[in-house]
Amino acid sequence: MATIEEFKKIEIVVAQIKEVKEHPNADRLYLLQVDTGKDVRQVVAGIRKAYTPEQLIGRRVALVANLEPAVIRGETSNGMLLAASDENGLALLNFDKEIKVGSIVK
């Protein structure tokens with residue numbers, strides 16, 4: 001079990017996807033440029049089978065913003081998108097109202 005203090009260490013923000021490219025070395029990954037309200041950063045995401053680039057550009061998503069950078073198949077990822085999956089596929093977490101980029105998810 002995680003304590004509330006441990007959970008509070010995770011910074012989840014509303015980010016907007018600005019650009020989508022296919023990862024050159026992986027058929028399930030995209031290279032995303034996301035705006036966090038503070039900066040634009042690259043995130044490597046395994047969502048290529050679930051979404052087209054057109055479905056992603058402009059979308060606001062929940063982003064774990066304070067993860068240590070990770071190199072995934074030769075590309076640096078500076079965050080993680082939150083998603084759920086089941087037997088029907090994968091779905092990004094989204095918002096039911098318009099919310100400002102950079103807002104904190106609590």
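From a predicted model like this one, the values you see are computed outputs, not experimental measurements.

**Overview of unusual backbone geometry**
Even without a glycine there, the phi angle at Arg73 is positive, about 50°. Inspection of the secondary structure assignment puts Arg73 in the loop between strand E5 (70–72) and strand E6 (75–77).

**Quick look at the pairing of strand E3 (residues 40–45)**
In terms of burial, E3 is a largely internal element, five of the six residues being buried. In this structure, strand E2 (residues 30–35) lies alongside E3, joined through six bridges in antiparallel fashion. Bridge pairing links Leu31 to Val44 in E3. With antiparallel pairing between neighbouring strands as the criterion, E2 and E3 make up a hairpin whose turn holds four residues, including Gly37 at a positive phi of roughly 90°.

**Here we look at the layout of surface pockets**
Space inside the largest pocket adds up to approximately 180 Å³. If you trace the largest pocket, you find 15 residues lining it, with Val44, Ser77, Gly79, Met80 and Leu81 closest to the centre. Looking at the lining of the largest pocket, the elements with two or more residues in it are E3, E5 and strand E7 (80–81). Top contributing element to the lining of the largest pocket by residue count: E3, with three residues. In terms of residue class, the lining of the largest pocket is built from 11 nonpolar, three polar and one charged.

**Here's the deal with the nonpolar core**
Counting residues in hydrophobic clusters, the biggest one holds 17 residues, and the most contacted among them are Leu32, Ile47, Leu56, Leu63 and Leu81. Taken together, the elements giving at least two residues each to this core come down to strand E1 (12–22), E2, E3 and strand E4 (60–64). Sorting elements by how many residues they give to this core places E1 first, with four residues. Residues within four places of Leu56 in sequence aside, it is in contact with Ile17, Val20, Tyr30, Leu32, Ile47, Tyr51 and Leu92.

**Some thoughts on the environment of Ala84**
With respect to the helices and strands, the residue Ala84 is situated in strand E8 (residues 83–86). If sequence neighbours within four positions are ignored, Ala84 has contacts with Gly89, Leu90, Ala91 and Leu93.

**What about the sheet that holds E1?**
Within the open sheet, the five strands sit side by side as E3-E2-E1-E4-E7. Their pairing is antiparallel. Two strands bound the open sheet, and with one partner strand each, they are E3 and E7. Looking at chain direction, E1 and E4 are connected through five bridges and run antiparallel. Across the sheet, Ile12 pairs through a bridge with Val64, a residue of E4.

**Things to note about the pattern of salt bridges**
Under the counting rule described, the total for this entry stands at five salt bridges. Between Lys21 and Glu19 there is a salt bridge; the shortest N-O distance is 3.4 Å. Classification of Glu19 by relative accessible area gives partly exposed; the value is 34%.

What counts and what doesn't
- Residues numbered from 1 in each chain as written.
- Predicted model: local features only at pLDDT ≥ 70, side-chain atom pairs only at ≥ 80, totals over all residues.
- Heavy atoms only, no water.
- Helix = DSSP H or I, 4+ residues; strand = E, 2+ residues; numbered from the N terminus.
- Buried < 20%, exposed > 50% of the residue type's maximum accessible area, 1.4 Å probe, protein only.
- Pairing = 2+ DSSP bridges.
- 1 Å grid on protein atoms, 1.4 Å probe; cavity = no way out; pocket = protein on both sides within 12 Å on 5 of 7 lines; lining within 4 Å.
- Points joined across faces, edges and corners; volume = space filled by probe spheres on them.
- Nonpolar A, V, L, I, M, F, W, Y, C, P; charged D, E, K, R; others polar.
- Core = buried A, V, L, I, M, F, W, Y, C linked by side-chain atoms within 4.5 Å.
- Contact = heavy atoms within 4.5 Å.
- Salt bridge = Lys/Arg side-chain N within 4 Å of Asp/Glu carboxyl O.

Any link to function would need more than the numbers given here.
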